[in-house]
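# Descriptive analysis of the structure
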Amino acid sequence: MSELDILETSLMSEITAASDEQAIEAVRLSALGKKGSVSEMLKTLGAMSAEDRQVKGPVINGLKNRITEALTVRRNELRDAAITTRLAAEKVDVTLPLRQAPAERGRIHPISQVIDEITAIFADMGFSIAEGPDVETDYYNFTALNFPEGHPAREMHDTFFLQAAEGAAAKVLRTHTSPVQIRTMETQKPPIRIVIPGKTYRMDSDATHTPMFHQVEGLVIDKTANVANMRWVLEEFCKAFFEVPSLKMRFRPSYFPFTEPSLEVDIQCDRSKPGEVRFGEGDDWMEILGCGMVHPNVLRAGGLDPDEYQGFAWGMGIDRIAMLKYGMPDLRAFFDADVRWLSHYGFRPLDMPSLFGGLSQ
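Presented here is an overview of the structure given in this document. For clarity, every value in this text was computed on a predicted model and none was experimentally measured. (Residues numbered from 1 in each chain as written. Predicted model: local features only at pLDDT ≥ 70, side-chain atom pairs only at ≥ 80, totals over all residues. Heavy atoms only, no water.)

### Some words on the pattern of salt bridges
- Counted according to the given criterion, the structure contains 17 salt bridges.
- The salt bridge partner of lysine 239 is glutamate 236, with a shortest N-O separation of 3.1 Å. In this pair, lysine 239 and glutamate 236 both sit in helix H9 (residues 227-241), 3 residues apart, roughly one turn of the helix.
- Under the relative-accessibility criterion, glutamate 236 is labelled partly exposed at 26%. (Salt bridge = Lys/Arg side-chain N within 4 Å of Asp/Glu carboxyl O. Helix = DSSP H or I, 4+ residues; strand = E, 2+ residues; numbered from the N terminus. Buried < 20%, exposed > 50% of the residue type's maximum accessible area, 1.4 Å probe, protein only.)

### Details of the side chain of threonine 119
- Looking at the element boundaries, threonine 119 is found in helix H6 (residues 110-124).
- In terms of polar contacts, threonine 119 uses its side chain to reach the backbone carbonyl oxygen of aspartate 116, at 3.0 Å. (Polar contact = N/O pair within 3.5 Å; in protein donor to acceptor, adjacent residues only side chain to side chain.)

### Quick notes on the nonpolar core
- Ranked by size, the top nonpolar core spans 47 residues in total, and within it Ile118, Phe122, Phe237 and Trp314 carry the most contacts.
- Secondary structure elements with two or more residues in this core: H6, strand S6 (212-222), H9, strand S8 (259-270), strand S10 (284-294), strand S11 (310-317), helix H11 (318-326) and helix H12 (339-345).
- Beyond its immediate stretch of four places on either side in the chain, phenylalanine 237 contacts Ile118, Ile121, Phe122, Met125, Met316 and Ile321.
- Formed by 23 residues, the second largest nonpolar core is a distinct cluster that contains Ala144, Leu299, Ala301 and Leu304. (Core = buried A, V, L, I, M, F, W, Y, C linked by side-chain atoms within 4.5 Å. Contact = heavy atoms within 4.5 Å.)

### Describing the sheet that holds strand S4 (residues 171-173)
- Strand order in the open sheet formed by 3 strands is S2-S4-S3, and the pairing between neighbours is antiparallel. Strands with a single pairing partner mark the edges of an open sheet, and in this sheet they are strand S2 (135-137) and strand S3 (160-162). Within this sheet the neighbouring strands show an average axis-to-axis angle of 40°, counted without direction.
- Sheet topology note: the S2/S4 ladder contains 3 bridges and is antiparallel. Residue pairing in the sheet places threonine 137 in a bridge with lysine 171 of S4. (Pairing = 2+ DSSP bridges. Axes fitted to C-alpha atoms, helices over the stretch in contact; angles between N-to-C directions.)

### Some remarks on the environment of glutamate 243
- Inspection of the secondary structure assignment puts glutamate 243 in the loop between H9 and strand S7 (249-256).
- Taking the C-alpha atoms as reference points, glutamate 243 and glycine 280, separated by 37 residues in sequence, lie 9.2 Å from one another.
- Engagement of the side chain of glutamate 243 in a polar contact is seen with the side chain of lysine 325, the distance being 3.1 Å.

### Observations regarding helix H4 (residues 50-89)
- Helix length check: H4 (40 residues) gives 58 Å between terminal C-alpha atoms against 58 Å at 1.5 Å per residue, within 8%.
- In H4, a bend of some 30° at lysine 56 exceeds every other bend along the element, and proline 58, a proline, comes one to four places later. (Expected span 1.5 Å × (residues − 1). Bend = angle between axes of the 7 residues up to and from the residue.)

### As for the side chain of glutamine 215
- Tracing the backbone through its elements, the reader meets glutamine 215 in strand S6.
- Polar contacts involving the side chain of glutamine 215 include one to the main-chain amide nitrogen of threonine 177, which spans 3.4 Å.
- Contacts of glutamine 215, omitting those with residues within four sequence positions, involve Thr175, His176, Thr177, Ile196, Pro197, Gly198, Thr200, Arg202, Met316, Gly317 and Ile318.

### Quick look at the pairing of S6
- Among the 11 residues in S6, 9 count as buried, and that is most of the element.
- Pairing analysis gives 10 bridges linking strand S5 (residues 192-201) to S6, with the strands arranged antiparallel. Within S6, the position partnered with lysine 199 by the bridge is histidine 214.
- Relative to S11, S6 runs antiparallel, the two sharing 8 bridges.

### Thoughts on the packing of helix H1 (residues 3-17) against H4
- H4 packs onto H1 with a crossing angle of 10° between their chain directions and a minimal axis gap of 10 Å. Taken as axis vectors, H1 and H4 run roughly parallel relative to one another. Contacts between H1 and H4 pair Leu4, Leu7, Glu8, Leu11, Met12, Ile15 and Thr16 from the former with Val59, Ile60, Leu63, Arg66, Ile67, Ala70, Leu71 and Arg74 from the latter.
- Looking at the contact of H1 with H4, its residues break down into 11 nonpolar, 1 polar and 3 charged. (Parallel < 35°, antiparallel > 145°, perpendicular 65-115°, else oblique. Nonpolar A, V, L, I, M, F, W, Y, C, P; charged D, E, K, R; others polar.)

### Some remarks on the environment of methionine 41
- The topology assignment puts methionine 41 in helix H3 (residues 37-43).
- The buried category is assigned to methionine 41, whose relative accessible area is 13%.
- Taking C-alpha positions, methionine 41 is 42 Å from alanine 170, a pair spaced 129 residues apart along the chain.
- Every residue in contact with methionine 41, bar those within four places of it in the chain, is listed here: Glu3, Leu4, Leu7 and Ile60.

### Considering unusual backbone geometry
- The peptide bond linking proline 190 to proline 191 adopts the cis configuration, its omega dihedral lying at 5°.
- Inspection of the secondary structure puts proline 191 in the loop between helix H8 (179-187) and S5.
- The step from glutamate 260 to proline 261 runs through a cis peptide bond, and the omega angle for that step is 0°.
- As for its placement among the helices and strands, proline 261 is situated in strand S8.
- Even without being a glycine, asparagine 146 presents a positive backbone phi close to 70°.
- In this structure, asparagine 146 sits in the loop between helix H7 (138-141) and S3.

### Overview of the packing of aromatic side chains
- This model, assessed by the stated rule, comprises 16 aromatic pairs.
- For the ring pair phenylalanine 147 and phenylalanine 258, a centre distance of 6.0 Å and an interplane angle of 45° mean the geometry is tilted. With phenylalanine 147 in the loop between H7 and S3 and phenylalanine 258 in the loop between S7 and S8, this residue pair connects regions lying 111 residues apart in the sequence. No difference in accessibility class separates phenylalanine 147 from phenylalanine 258, as the two residues are buried.
- With 6.3 Å between their ring centres and 45° between their planes, phenylalanine 334 and phenylalanine 335 make a pair best called tilted.
- Residue phenylalanine 335 is classed as partly exposed on the basis of its relative accessible area, which comes to 33%.
- Each member of the aromatic cluster is reached from another via a ring pair, and the members are Phe122, Phe127, Phe237, Phe241, Phe242, Phe279, Phe312 and Trp314. (Phe/Tyr/Trp six-rings, centres within 6.5 Å; stacked < 30°, edge-to-face > 60°.)

Encoded structure:
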């Protein structure tokens, strides 16, 4: 028997042996939770070759679907048995509706869902996930990213500065996830392919801005990375994320201190219907992200020789693309902790996004 067959047999036995809903939930977490046995197998797909993914992907996702179905069936059986037992022992008003179990009425926040969607897409392209601290030094947040001391570009970011001890390095709440680029180049030899989702902070607040928000950016460093490679990566990401078969993109010159040349990317859309944006069709355009070739000064700050290595990077707001994809009108509602809003826009815990099963099923 293969490893998958052995795992499936073991999990099915545990599901059958579960005696109550608490036990079946424990089996679900051990199999489909973030660190569950099936979830860990799904994470290995990003490191596989394209050929291996075509073979392994459907097999692992098939196992996930069978386990999910078996869990649902067994949970319903246990729930029915429990209700029968209670009805036999208690006198109740059976016309009152039963409350849903926490696992069914709970919802995943749209930001968490979109981060999972993004990582699923880039993992399929062979990217790794990188992270860094929210509290950064002035050097990593600005200087190493080609923002010299006193440069006007520093004023582009409304920064939260933290009081530093005498003689200590100045600290800030990071204004972008780009410091992780420098930290990665310092510790990892090229080729580098990473995406960096995380929280960022700027002094701004209105319907489309909050003091704390989420960004994701990507970095590719090797000896031959070029604009054509960058265009392909961004086009494939946008098609997968917005779940459209094709779309047009246009690149416009822009300015970012850490890239040269710097570009802003617009994608094709249709805004003819009030309150609705449809991507991959129509004659309108919407700016979606910024990108460019990594500036030689940034490569030097990361300890790399710009005469030997080159790369490209891009970044976008996670909150904004979540609003665009799922039709949310006000960014501030993301952080209001309103259960009614979360029940409407949230995602069921078992609906984990994958390129095989669908991102926003």
